[in-house]
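# What the coordinates show
One-letter residues, chain by chain:
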Amino acid sequence: MTRYGSFPGSRPRRLRTTPTMRRMVAETRLHPSDLILPAFVREGIDAPVEIGSMPGQYQHTRDSLKKAAAEAAEAGVSGIMLFGVPLDEKKDGRGTVGTDPDGILQLALRDVRSEVGDDLLVMSDLCLDEFTDHGHCGVLDEQGRIDNDATLERYAEMAQVQADAGAHIVGPSGMMDGQIGVIRDALDQIGREDVAVLAYTVKYSSAFYGPFREAVGSSLQGDRKTYQQDPANVRESLRELALDLEEGADMVMVKPAGPYLDILARVADASDVPVAAYQISGEYAMIEAAAERGWIERDKSIMESLLGIKRAGANMILTYWATEVARKLD
């Protein structure tokens, strides 16, 4: 039988022949400016303390945090998200150290802002969980339940204190109903219309947070299922998105990232503001642990995981590998 032309006629492999060809036709690209570094600063230590479940990550001193921020800025990372770890004896039921102008998080915000100025976006976790003796993200009522509206009052105060300390962006992560509107109003009341709000719009009650709780010295007993989202659900993520956008969120976030790429894609399709995704502590720990055992190639796995998050629709990615990856990309 005579054949005219080649078979098969369509050969997608032609666009995979060389590294240069693959680079030219790549649909998704990572850039250092896509990345945000989460970082922990701990009160009462005189040297950084490595986090056992997150090899290569540390609870920083104020000085080592400034160094980490400067390195991130130099590498081209866009932002640093700060989490404060106070002394246990300073925790109480209302998380008052979280709104103390001289609390560890506010001191760290001032330190980092003075170190990097506007070269790195200084971002602050706006939540009570690191500062409460019960470890929940809000104020408890007499029955031990989260009092949503009383918690909003505390968030408003936190927003103002963090803005005064130098935050470019506040990141409300407590999943309280109405938190974005209250925080936006609180910032505007003190003339801080310039401070942006990154809403933790989609935050699931995930099993992957374990290493983070070690990192912040969490006092949590029980779980957060009454305010964080059920991993089984999709529609409520889009409902949360609509509410946060209506209340004035400047950016929105999906957390965790890797196990919820379908949610990230849905949010990215529906959002008219930039979308962030948080590659959380458990995602970091799994790759580091498997690589340490020789089961996967560490560097390639890190890049592939980040590409997947970017491909799903994230404009920005919070990742503990931010500085390392930015240097390699550069």
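Residues numbered from 1 in each chain as written. Predicted model: local features only at pLDDT ≥ 70, side-chain atom pairs only at ≥ 80, totals over all residues. Heavy atoms only, no water.

### Quick notes on the overall build of the protein
How we decide: To qualify as a helix, a DSSP run of H or I must reach at least 4 residues; to qualify as a strand, a run of E must reach at least 2; elements of each kind are numbered from the N terminus. Radius of gyration: C-alpha atoms only; globule rule: 2.2 Å multiplied by the number of residues to the exponent 0.38. With a 1.4 Å probe rolled over the protein chains alone, any residue whose accessible area is under 20% of its type maximum counts as buried; one over 50% counts as exposed, and the rest are partly exposed.
Tallying secondary structure elements over the protein gives 11 helices and 10 strands in all. In summary, the protein has a C-alpha radius of gyration of 21 Å against a globular reference of 20 Å for 330 residues, a match within 12%. On the principal axes, the C-alpha backbone points of the protein span a range of 85 × 45 × 40 Å. Looking at the protein residue by residue over its 330 residues, the buried ones come to 51%.

### Quick look at the packing of aromatic side chains
Put simply, the test is: Put simply, two rings from Phe, Tyr or Trp (the six-membered ring, in Trp's case) pair if the centres are within 6.5 Å, and we call them stacked under 30 degrees between planes, edge-to-face over 60, tilted for the rest.
Under the criterion given, the structure shown has 6 aromatic pairs. Centroid distance F40 to Y320: 6.0 Å. Interplanar angle 15°. Geometry classified as stacked. Residue F40 is found in strand 1 (residues 35-42), and its partner Y320 is found in the loop between strand 10 (316-318) and helix 11 (322-329); the two are separated by 280 residues along the sequence. You can call F40 buried: its relative accessible area is 1%.

### Here we look at a positive patch on the surface
Quick reminder of the rule: Residues enter patches when they are more than 30% accessible in relative terms and free of salt bridges; like-charged ones are connected within 9 Å and nonpolar ones (Val, Leu, Ile, Met, Phe, Trp, Tyr) within 5 Å. The method behind every accessible area is Shrake-Rupley, applied with a 1.4 Å probe, and residues are considered shielded solely by the protein chains displayed. Definition used for salt bridges: Asp or Glu carboxyl oxygen within 4 Å of a side-chain nitrogen of Lys or Arg. Here the positive residues are Lys and Arg and the negative ones are Asp and Glu; neither His nor the chain ends is included. Each charge is placed at NZ for Lys, CZ for Arg, CG for Asp and CD for Glu.
On the surface, a cluster of positive charge is contributed by R11, R13, R14 and R16. Following the sequence through the fold, R13 ends up in the segment before helix 1 (19-25). Classification of R13 by relative accessible area gives exposed; the value is 67%.

### What about helix 11?
One turn of an α-helix holds 3.6 residues; hence residues three or four places apart share an orientation. Let me state the cut-off plainly: Relevant arc is that of directions from the helix axis to the C-beta atoms, nothing else. In this description, contact between two residues means that some pair of their heavy atoms is separated by no more than 4.5 Å.
Among the residues of helix 11, those classed as buried are A322, T323, V325 and A326. Across the axial projection of helix 11, the buried residues extend over an arc of 165°, all falling on one side. Next to the buried residues of helix 11 lie strand 1, helix 2 (62-75) and helix 10 (298-311).

### Considering unusual backbone geometry
The linkage connecting K255 with the following residue, P256, adopts the cis geometry, with an omega of -5°. As for its position among the elements, P256 is in the loop between strand 8 (251-255) and helix 8 (261-270).

### Considerations on the packing of helix 2 against helix 3 (residues 104-116)
What counts here: Here an angle of 0 to 180 degrees is reported between the N-to-C directions of two axes, which are lines fitted to C-alpha atoms, with helices fitted over the stretch in contact. Small angles under 35 degrees read as roughly parallel and large ones over 145 as roughly antiparallel, with 65 to 115 read as roughly perpendicular and the rest as oblique. Working rule for handedness: look at the near helix, and if it is turned counterclockwise from the far one by less than a right angle, call the crossing left-handed; if clockwise, right-handed. Only Asp, Glu, Lys and Arg are considered charged, only Ala, Val, Leu, Ile, Met, Phe, Trp, Tyr, Cys and Pro nonpolar, and every remaining residue, Gly among them, polar.
Running from N to C, helix 2 and helix 3 point in directions that differ by 45°, and their axes come no closer than 9 Å. The orientation of helix 2 relative to helix 3 falls into the category oblique. The two elements helix 2 and helix 3 meet at a crossing, and its hand is right-handed. Contacts between helix 2 and helix 3 involve R62, L65, K66, A69, A70 and A73 on the former and, on the latter, I104, L107, A108, D111, V112, E115 and V116. Split by residue class, the contact of helix 2 with helix 3 holds 9 nonpolar, no polar and 4 charged.

### Considerations on the side chain of T151
As a reminder of what qualifies: Here a polar contact means two N or O atoms within 3.5 Å. Within protein one must be a hydrogen donor candidate and the other an acceptor candidate, and residues neighboring in sequence count only if both atoms are side-chain atoms.
Mapped onto the elements, T151 comes out in helix 4 (residues 148-165). A distance of 2.7 Å separates a polar atom in the side chain of T151 from the backbone oxygen of D147. Contact partners of T151, with chain neighbours within four places excluded, come to L128, C137, G138, V139, I146 and M176.

### What to know about the pattern of salt bridges
Here the structure, examined in full by the defined rule, presents 18 salt bridges. The shortest N-O distance in the salt bridge between R184 and D188 comes to 3.1 Å. With a gap of 4 residues between them, R184 and D188 both fall in helix 5 (residues 179-189), about one helical turn apart. Here R298 and D299 are joined by a salt bridge, their closest N and O atoms 2.9 Å apart. You can call D299 partly exposed: its relative accessible area is 40%. Linked through salt bridges whose partners overlap, the residues forming this network are E288, R298, D299, E324 and K328.

### What about the nonpolar core?
What counts here: Definition used in this section: a nonpolar core is a set of buried Ala, Val, Leu, Ile, Met, Phe, Trp, Tyr and Cys residues joined via side-chain atoms within 4.5 Å.
In this structure, I80, L82, Y155 and Y278 are the most contacted members of the largest nonpolar core, which totals 94 residues. No other element matches helix 4, which puts 7 residues into this core. Excluding residues within four positions of it along the chain, I80 makes contact with I36, L37, A39, L65, A69, V112, L120, L121, V122 and M123.

### Overview of the state of the cysteines
Our working definition: Note on terminology: disulfide denotes any pair of cysteine sulfur atoms within 2.5 Å.
Summed over the entire model, instances satisfying the criterion amount to 0 disulfides. Its sulfur unpaired, C127 is 3.4 Å from the next cysteine sulfur, which belongs to C137. Owing to a relative accessible area of 1%, C127 belongs among the buried residues under this scheme.

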